[in-house]
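A closer look at the structure
Chain residues, written in single-letter form:
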Amino acid sequence: MKYIIVSGGVVSGLGKGVTISSLGRMLRGCGLRVTSIKIDPYLNVDAGTMSPFEHGEVFVLGDGGESDLDLGNYERFLDIQLTSEHNITTGKIYREVISRERRGDYLGKTVQVVPHITNEIQDWIERVAQIPVDESGEPADVCLIEVGGTVGDIESSIFFEALRQFQFRVGDDNFCLMFVSLVPILSDEQKTKPTQHGVKDLRSLGLSPKVIFCRCPLPLEQACKDKISAFCHVPPDNVISVHDVNNVYHVPLLLMEQKLHHIIKKELRLGDMVGFQNPDMKDWSVMAHSIDGFSESVKIALIGKYNGLQDAYLSIIKSLKHATIACQKKLDLVWVDATQLESKDSEEYESNWEKLKSADGVIVPGGFGTRGFNGKCIAAEHCRKHKKPFLGICLGFQAMVVEYARNVLDWKDATSAEFDENASRQVVVFMPEIDKETMGGNMRLGARTTKFTHKHDDGAMSIIQMMYGGADIVSERHRHRYEVNPDVVDEIHNAGLKFVGRDETGERMEVAELPKSEHPYYVGCQYHPEFKSRPLKPSPPFYGLILASMGKLEEHVSKLNLKA
């Protein structure tokens, strides 16, 4: 196993996740199998209990792991499926070591940070690197490891010590450290001092980078590369310019243009692999360059409550972009504050309603808590009545069901038990198997099966099943504690909102929609399809939303030639 470690310095948020994902995409183009590990130095066991304001979205993995959003970048770029084990946190490491101490595994020894914590980190990396993550079922050739935070942070120091030891455990030919740094431009001059200090800090820990990625608004000048090379102990060719590009999908191509794959081949002694001479990046390159040429856009309104905080809805936004790429359109995303739709007395009532009305399509993503829920119901009602393409996800799906119960079945007191445990008309209820006392890791999580069990009254296949290519069963990822009340399903279904997709027992509702004879695209799903969307393989529910928003859904469906 070959290991590539990427750390960062100067400031956080430089794009280590995109850099390591792009690096992995390039290596896959060279014919290598790639896996990835993210090290997060915080004490939380996972990201599941964190607020989106703290850490962005929680990315849900196939095995139910709640992880850092960077694992989503890895999965999207590399088209792999990671596990909860691929996200290492300080909390997980200490929990494992303390559990072993309680069991007596250390045979009475004094348990210390060195060697017990550092050994656990190294053992974890070696074990997880062997887990197959792609369809081949084979272990990867290269394991990419991102160390969160910046060099010099107190909380990450133990991981750097573990990696210092790890380089000797696996050998120099199997260990390549890379460093992401900032090269600011001041008075029209590219400044190298922050990078010099960052590398100095890293080398003081016993780690010396072999490649330095320099984030800069403009391409790095040769004089700047030479200076960084001289002061940071790397060849000039190993100083890689990662400057601003038109879209993020150009980054793997940018790295390849600077012969990074040849540098890795040399540093890791990868031999005479044919793929390194001519990496297969054709489809990726076509996609990256085609995006630059899109002139027409499709406007989608996102009805949320973390407005303007892109990281809170990162996978949603990426999935919308994947779908618009497939439709050869630019995404014009407008943010609508759900709470501002609820009352005419609110400060931005008119402006938010104008955004909603002007949009070609609407998406209501998942979330928790009562704030903004009625606004999401109001948005669903508007889209239903005005035949505006609509996609509701998780809480958005539940809002769609509650709205239908309130305004079509005339159950004015219909609500969710999440917001009123004593309500007389609970359309959405707490799932009986969930523990009400525990928060972390205590939901219906991970990949679950959805069966398309019902057709429409005229015998037509559901539009969402068509978008999945007519598949009878699909697997998508979940993250929820509440579900549509089984006691009211038949009444709502018979009234016209069809629950066309259900779990394997038939008791838990997964997908609802209106027939296309009544609405061009009015779809809700309990699961989170955004977590499996890929740049070259858009998520079907998102693809359907964009097609409908463009008025192209009927044309697309007719070409599928699916039998009801």
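Structure report, in brief. (Residues numbered from 1 in each chain as written. Predicted model: local features only at pLDDT ≥ 70, side-chain atom pairs only at ≥ 80, totals over all residues. Heavy atoms only, no water.)

What follows concerns the overall build of the chain. Of regular secondary structure, the chain possesses 19 helices and 23 strands. Over its C-alpha atoms the chain spans a radius of gyration of 25 Å, differing by no more than 12% from the 24 Å that the globule rule assigns to 564 residues. Each principal axis of the C-alpha atoms in the chain carries an extent, and together these give about 75 × 60 × 50 Å. Looking at the 564 residues of the chain, the share that counts as buried comes to 58%. Residue pairs in contact within the chain that sit at least 24 positions apart in sequence constitute 74% of those at least 6 positions apart. If the 65 positive side-chain charges of the chain are averaged to one point and the 78 negative ones to another, these points end up 3 Å apart. (Helix = DSSP H or I, 4+ residues; strand = E, 2+ residues; numbered from the N terminus. Rg over C-alpha atoms; globule rule 2.2 N^0.38 Å. Buried < 20%, exposed > 50% of the residue type's maximum accessible area, 1.4 Å probe, protein only. Contact = heavy atoms within 4.5 Å. Lys, Arg positive; Asp, Glu negative; His and termini not counted. Charge placed at Lys NZ, Arg CZ, Asp CG, Glu CD.)

Side chains bearing opposite charge may pair, as long as their charged atoms lie close to each other. What the rule picks out here adds up to 32 salt bridges. Taking the shortest distance from any N to any O, the salt bridge between lysine 38 and aspartate 40 comes out at 3.0 Å. Aspartate 123 serves as the salt-bridge partner of arginine 169, at 2.9 Å between the closest nitrogen and oxygen. On the criterion of sequence distance, the pair formed by arginine 169 in helix α6 (residues 157-170) and aspartate 123 in helix α5 (residues 113-129) is long-range, its members being 46 residues apart. Take arginine 169: its relative accessible area is 34%, and that puts it in the partly exposed class. (Salt bridge = Lys/Arg side-chain N within 4 Å of Asp/Glu carboxyl O.)

Attention shifts here to unusual backbone geometry. Cis geometry is adopted by the peptide bond preceding proline 115, which originates at valine 114 and carries an omega value of 20°. With respect to the element layout, proline 115 can be found in helix α5. One non-glycine residue, arginine 269, lies in positive phi territory at about 50°. As for its placement among the helices and strands, arginine 269 is situated in the loop between α10 (260-267) and α11 (282-292).

The next subject is helix α18 (residues 540-550). Across the 11 residues of α18, 10 count as buried, placing the element largely inside the fold. Regarding α18, the residues found buried are Pro540, Pro541, Phe542, Tyr543, Gly544, Leu545, Ile546, Leu547, Ala548 and Ser549. Summarising the contacts, the buried residues of α18 are in contact with β12 (297-304), α12 (314-326), β14 (361-364), β15 (390-393), α16 (463-467) and α19 (553-560).

Another aspect to go through is the pairing of β15. Here β15 shows a buried face lined by Phe390 and Gly392 and a second buried face lined by Leu391 and Ile393. Across three bridges, β14 lies against β15 in parallel orientation. Across the sheet, residue valine 364 finds its bridge partner in β15, namely glycine 392. For the handedness criterion, the β-α-β arrangement of β14, helix α14 (residues 373-385) and β15 is classed as right-handed. Pairing of β15 with strand β23 (residues 522-525), which is carried by four bridges, proceeds in the parallel orientation. Bridged to isoleucine 393 within β23 is cysteine 525. (Pairing = 2+ DSSP bridges. Right-handed = clockwise from strand over helix to strand, strands pointing away.)

Now for the nonpolar core. Core analysis: the biggest nonpolar cluster contains 46 residues, and Ile303, Val427, Ile492, Leu497 and Phe499 have the highest contact counts within it. Examining the composition of this core, we find that eight residues originate from one element, helix α15 (residues 395-407), more than from any other. The contact partners of isoleucine 492, leaving out residues within four places of it in the chain, are Val401, Tyr404, Leu409, Trp411, Val427, Leu497 and Phe499. Ile5, Val97, Val147 and Ala162 belong to the second largest nonpolar core, which has 41 residues in total. (Core = buried A, V, L, I, M, F, W, Y, C linked by side-chain atoms within 4.5 Å.)

In this model α12 runs 19 Å from its N-terminal to its C-terminal C-alpha over 13 residues, within 8% of the 18 Å that 1.5 Å per residue would give. By the criterion of burial, α12 is predominantly enclosed, with 11 of the 13 residues buried. The positive-phi residue at the C-terminal boundary of α12 is glutamine 328, with phi of around 60°. (Expected span 1.5 Å × (residues − 1).)

Now for the sheet that holds β12. Read across the open sheet, the nine strands follow the order β13-β12-β14-β15-β23-β22-β21-β18-β19; overall the sheet is mixed. On the outer flanks of this sheet lie β13 (330-337) and β19 (473-480), each paired with one strand and no other. The mean inter-strand angle of the sheet, taken between neighbouring strand axes irrespective of direction, is 25°. Pairing of strand β18 (residues 444-452) with strand β21 (residues 498-502) involves two bridges; the strand directions are antiparallel. By the bridge assignment for β21, phenylalanine 452 is matched with glycine 501. Together, β12, β13 and β14 form the strand contacts of helix α13 (residues 349-358), whose direction differs from that of β13 by roughly 145°. Against the sheet, α14 touches β12, β14, β15 and β23, its axis set at about 145° to β23. (Axes fitted to C-alpha atoms, helices over the stretch in contact; angles between N-to-C directions.)

Here the focus is the pairing of strand β7 (residues 175-182). Of all eight residues that make up β7, seven are buried, and the element is covered over most of its length. Two elements, strand β1 (residues 2-8) and β7, share six bridges in a ladder whose sense is parallel. Within β7, the position partnered with serine 7 by the bridge is phenylalanine 179. Of the strand pairs in this sheet, β7 and strand β10 (residues 211-216) are connected by five bridges, and their pairing is parallel.

Of note, valine 242 is situated in strand β11 (residues 239-243). Considering only alpha carbons, one finds valine 242 and leucine 255, 13 residues apart in sequence, at a separation of 7.6 Å. In this structure, valine 242 is in contact with Phe213, Cys214, Arg215, Cys216, Val251, Leu254 and Leu255, ignoring residues within four places of it in sequence.

So, about the packing of aromatic side chains. Under the criterion given, the structure shown has 13 aromatic pairs. Both rings, one in tyrosine 3 and one in phenylalanine 166, keep their centres 4.9 Å apart while their planes meet at 80°; by these two values the pair is edge-to-face. Within this pair, whereas tyrosine 3 is found in strand β1, its partner phenylalanine 166 is found in helix α6, the two being separated by 163 residues in sequence. What makes tyrosine 3 buried here is its relative accessible area of 3%. These aromatic residues form a ring-pair network of at least three members: Tyr3, Phe166 and Phe175. The side chain of arginine 425 reaches across the aromatic face of tryptophan 411, ending 4.2 Å from its centre. (Phe/Tyr/Trp six-rings, centres within 6.5 Å; stacked < 30°, edge-to-face > 60°. Lys NZ or Arg CZ within 6 Å of the ring centre and 35° of its normal.)

By themselves, these figures tell us nothing about what the structure is for.
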